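Structure assessment
Given next are the chains, with one letter for each unit.
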Amino acid sequence: LTEIMDIIPKAMESGKWSVKAQAARAMGTICTKLGGTINPSVQKRIAALLIGALAGRTWAGKECIIRSLQDLVVYGGDGVAANLQDKSGDASLETLLEALFKECKKEKVEYKVVALVTTATIINHINKDLFKELYDIVSPHMKGSNPSEDAQPQESEDKEDKENDLKLQEAIITSLGLAWPANVNTQKMFAIEMLDRMETIVGATTRKNQECVAIALGRIMQKWKEPSDINTSQASGQLCEDVFSRAARILSTLLLVPKFGDLRTKTLKVLGTVIKLLVDSKRASLVYIFRDEISKSLDGVIKDLGSDPAIKTTARDLKAA
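What counts and how
Residues numbered from 1 in each chain as written. Predicted model: local features only at pLDDT ≥ 70, side-chain atom pairs only at ≥ 80, totals over all residues. Heavy atoms only, no water. Phe/Tyr/Trp six-rings, centres within 6.5 Å; stacked < 30°, edge-to-face > 60°. Helix = DSSP H or I, 4+ residues; strand = E, 2+ residues; numbered from the N terminus. Buried < 20%, exposed > 50% of the residue type's maximum accessible area, 1.4 Å probe, protein only. Axes fitted to C-alpha atoms, helices over the stretch in contact; angles between N-to-C directions. Parallel < 35°, antiparallel > 145°, perpendicular 65-115°, else oblique. Left-handed = near helix turned anticlockwise from the far one by under 90°. Contact = heavy atoms within 4.5 Å. Patch = residues over 30% accessible without salt bridge, like charges linked within 9 Å, V, L, I, M, F, W, Y side chains within 5 Å. Areas by Shrake-Rupley, 256 points an atom, 1.4 Å probe, with all protein chains shown as cover. Salt bridge = Lys/Arg side-chain N within 4 Å of Asp/Glu carboxyl O. Core = buried A, V, L, I, M, F, W, Y, C linked by side-chain atoms within 4.5 Å. Polar contact = N/O pair within 3.5 Å; in protein donor to acceptor, adjacent residues only side chain to side chain. Expected span 1.5 Å × (residues − 1). pLDDT = per-residue confidence, 0-100.

A short note on the packing of aromatic side chains
Under the counting rule described, the total for this entry stands at four aromatic pairs. Aromatic pair Phe131 and Tyr135: ring centres 5.6 Å apart, planes at 20 degrees, arrangement stacked. You can see Phe131 and its partner Tyr135 sitting in helix H8 (residues 131-138), four residues apart, about one turn around the helix. Given the relative accessible area of 0%, Phe131 is considered buried. Take Tyr135: its relative accessible area is 3%, and that puts it in the buried class. Aromatic pair Phe131 and Trp180: ring centres 5.0 Å apart, planes at 85 degrees, arrangement edge-to-face. Placement of Phe131 in helix H8 and of Trp180 in the loop between helix H9 (156-179) and helix H10 (184-202) is noted, with a sequence separation of 49 residues between them. Put simply, the rings of Phe131, Tyr135, Trp180 and Phe190 touch in pairs and so form one group of aromatic residues.

Regarding the packing of helix H6 (residues 93-104) against helix H7 (residues 109-126)
Viewed as axis vectors pointing N to C, H6 and H7 meet at an angle of 150 degrees, and their least axial separation amounts to 8 Å. With respect to their mutual orientation, H6 and H7 come out roughly antiparallel. Classified by chirality, the crossing of H7 by H6 is left-handed. On the side of H6, the interface is formed by Leu93, Leu96, Leu97, Leu100, Phe101, Glu103 and Cys104, while H7 contributes Tyr111, Lys112, Ala115, Leu116, Thr119, Ile122, Ile123 and Ile126.

Concerning a nonpolar patch on the surface
Side chains of Leu1, Ile4 and Leu34 sit close together on the surface and give an oily, nonpolar patch of about 220 Å² of accessible area. Relative to the assigned elements, Leu1 resides in the segment before helix H1 (2-12). Classification of Leu1 as partly exposed rests on a relative accessible area of 35%.

What to know about the nonpolar core
If you look at the biggest cluster of nonpolar residues, it comprises 100 residues, and the most contacted ones within it are Leu96, Leu97, Leu176, Met198, Leu217, Leu271 and Phe290. When sequence neighbours within four positions are dropped, the list of residues in contact with Phe290 reads Phe244, Ala247, Ala248, Leu251, Leu271, Val274, Ile275 and Leu278.

Here's the deal with the environment of Ala214
Within the secondary structure layout, Ala214 lies in helix H11 (residues 207-223). For the pair Ala214 and Val202, spaced 12 residues apart in sequence, the C-alpha to C-alpha distance is 9.0 Å. Here Ala214 is in contact with Leu254, Leu263, Thr267 and Val270, once residues within four sequence places are set aside.

Description of the side chain of Ser236
Within the fold, Ser236 resides in helix H12 (residues 234-255). Exposure remark for Ser236: the relative accessible area of 3% places this residue in the buried category. Here the side chain of Ser236 touches Asp229 through a polar contact of 2.6 Å, side chain to side chain. Sequence-distant contacts of Ser236, that is, excluding residues within four places in its chain, are made with Lys188, Pro227, Asp229 and Ile230.

Quick look at the pattern of salt bridges
Pairing is possible between side chains of opposite charge, provided their charged atoms come close. Applying the stated criterion across every chain, the model contains 12 salt bridges. As a salt-bridge pair, Glu199 and Arg249 come within 2.7 Å of each other at their nearest N and O atoms. Here Glu199, found in helix H10, pairs with Arg249, found in helix H12; they are 50 residues apart in sequence, far enough to count as distant. Given a relative accessible area of 27%, Arg249 falls into the partly exposed group. The shortest N-O distance in the salt bridge between Asp280 and Lys276 comes to 3.0 Å.

Considerations on H12
Taking 1.5 Å of rise per residue, 22 residues should cover 32 Å, and H12 covers 31 Å from first to last C-alpha, within 8% of that figure. The opening residue of H12, the one whose side-chain oxygen lies 3.4 Å from the backbone nitrogen of Ala235, is Ser233.

Observations concerning the confidence of the model for the protein chain
Per-chain confidence: the protein chain averages 89 in pLDDT, with 94% of residues scoring 70 or above. For the stretch residues 144-154, pLDDT sits under 50, and the model shows 15 contacts to residues farther than four places along the chain or on other chains.

Overview of unusual backbone geometry
Although it is not a glycine, Asn127 sits at a positive phi angle of roughly 55 degrees. Turning to its location among the elements, Asn127 is positioned in the loop between H7 and H8. Phi is positive for Lys259, which is not a glycine, with a value near 55 degrees. Residue position: Lys259 is located in the loop between H12 and helix H13 (261-281). Look at Lys259 and you get exposed, because its relative accessible area is 85%.

Right, here's the structure in full:
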């Protein structure tokens, strides 16, 4: 490893993009293969090299640097996160995240997509509440899209723009789901706005992005925490009702999407999570609100002749829960 670390920094300073990208990939491979066994000082050096290489313009292959930072953090285990908490030296968790957030603001869609998902994956792995920071970056880009399979764009450029919008939409939904925090205060601040955005998107996007919505909603509901003052605060009680009613509407829309078994399977899994939350809450008002919204969609799945038998069985079980 010592010999390799003598070679790679020189390659990272190359004027050729392909050489820099290859060097970044090599560091990513080292991180995935050696993981937490890498000496802490070497971990810091790798982080410093990668963070330094992010400075400047976007070039072909630069996304390899971001992916290698993810490999460093994810495969390094708890040790690398603890090591980077130390602000001494050229690299720390703070400088790493600051650099990544800067890359998330870059304009090139393909690069921005990698930056968003990678940054959110790192946030999720270190279990840090940085949802607001990420949301502030992506919220201006959150909008519904309504691509028609039959409509032909008049200009090839228009078609490319729509495809880029959908790629960015997928990355935004995925990244916000990954970055969703367990912090109750942040949940209270963003839950309704986040669910409203998702509800706007879910009825007017591609099947692939609907699947991303289902997964993101699952992450949100898995981490949902009932406000501690729900018994004394009318606002907290209303918040819970609003969250569950919106979740029900999103799930209903997803369940009624025909001929897409994987989407229904993922949606029913999320529905199971929500039902467990409702059972644990022991609040009849929430149960009634949710059941009224979701029951017709479950009936639709059960009666759909094209539904997989296993999916129908799950739907019946959930309806009876």
